[in-house]
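So you can see what is in the structure, the chains are spelled out below.
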Amino acid sequence: MSRLAAKGKGSVQIAPAVTKTIAYIDENYMKQTGLESISKAAGVSSQHLCRLFRQTLNCRPMEYITKRKIKAAKMLLAETQKTVDQIVEETGFCDSSYFCKIFKRFESITPSQFRSIEQAL
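Residues numbered from 1 in each chain as written. Predicted model: local features only at pLDDT ≥ 70, side-chain atom pairs only at ≥ 80, totals over all residues. Heavy atoms only, no water.

1. Some thoughts on the overall build of the protein chain
- For the protein chain, the count of helices and strands is eight helices and zero strands.
- For the protein chain, the α and β elements follow one another from N to C terminus as α-α-α-α-α-α-α-α.
- Here the C-alpha coordinates of the protein chain stretch approximately 40 × 35 × 20 Å along the principal axes.
- Across the 121 residues in the protein chain, those meeting the buried criterion constitute 36%.
- Counting only contacts in the protein chain whose residues sit at least 6 apart along the sequence, the fraction spanning at least 24 positions is 53%.
- For the protein chain, the accessible area works out to roughly 7500 Å², and carbon and sulfur atoms hold 51% of it. (Helix = DSSP H or I, 4+ residues; strand = E, 2+ residues; numbered from the N terminus. Buried < 20%, exposed > 50% of the residue type's maximum accessible area, 1.4 Å probe, protein only. Contact = heavy atoms within 4.5 Å. Areas by Shrake-Rupley, 256 points an atom, 1.4 Å probe, with all protein chains shown as cover.)

Right, here's the structure in full:
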């Protein structure tokens with residue numbers, strides 16, 4: 001959210017539902033949560049939440065969850081020696097092949113390559 005203010009958009013109005021949703025996601029990203037449970041926690045319909053997310057963050061709520069999971073995985077890859085399977089379990093991905101596919105889509109490198117680069121620094 002701080003990125004929005006830094007982009008020069010002036011006084012960005014962030015809907016309370018988006019703030020609630022981000023807090024909920026930060027606490028529960030490692031669980032298998034669906035759009036219905038997220039929108040229920042925010043107190044709005046799923047369509048309205050999607051619209052608010054698109055307007056505010058330029059992504060859908062489920063995409064935001066995936067980004068949050070990838071962020072957590074990157075931290076674990078860089079700062080621990082946990083296996084990919086352990087990281088998959090901790091971050092809430094369904095299996096390691098799906099995790100590797102999504103990680104590569106977002107980061108353009110595999111989790112192993114990311115870890116090697118981080119260890120070299």
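2. Describing the side chain of T33
- For T33, the position within the fold is in the loop between α2 (16–28) and α3 (35–42).
- Judged by relative accessible area, T33 falls into the buried class, the value being 17%.
- Other than its neighbours up to four places away in sequence, T33 contacts Y24, N28, I38, M62 and I65.

3. Here we look at helix α7 (residues 96–107)
- Between the first and last C-alpha of α7 there are 16 Å, a value that for 12 residues agrees with the 16 Å anticipated at 1.5 Å per step.
- Taken together, the buried positions of α7 are occupied by F99, I102 and F103. Angular distribution of buried residues about the axis of α7 spans 105 degrees; they occupy a single face of the element. Facing away from the buried side of α7, by more than 90 degrees, are the exposed residues S97, K101 and R105.
- Contacts from the buried residues of α7 go to α5 (61–79), α6 (84–91) and α8 (111–120).
- Just downstream of α7 lies S108, where phi reads positive at about 65 degrees. (Expected span 1.5 Å × (residues − 1). Arc of directions from axis to C-beta.)

4. Considering the nonpolar core
- Grouped together as the largest cluster of nonpolar side chains are 16 residues, with contacts concentrated most on V18, I22, I25, F53, L57 and Y64.
- Secondary structure elements with two or more residues in this core: α2, α3, α4 (46–57) and α5.
- Beyond its immediate sequence surroundings of up to four residues, I25 is in contact with F53, P61, Y64, I65 and R68.
- In this structure, L77, V88, F103 and F114 belong to the second largest nonpolar core, which totals 11 residues. (Core = buried A, V, L, I, M, F, W, Y, C linked by side-chain atoms within 4.5 Å.)

5. Re the confidence of the model for the protein chain
- Of the residues in the protein chain, 90% reach a pLDDT of 70 or more, and the chain-wide mean stands at 89.
- Put simply, helix α1 (residues 2–6) is where the protein chain has its lowest mean pLDDT, 43, and α7 is where it has its highest, 97.
- Low confidence marks residues 1–9, where pLDDT is under 50. Its contacts with residues over four positions away, or in another chain, come to eight contacts. (pLDDT = per-residue confidence, 0-100.)

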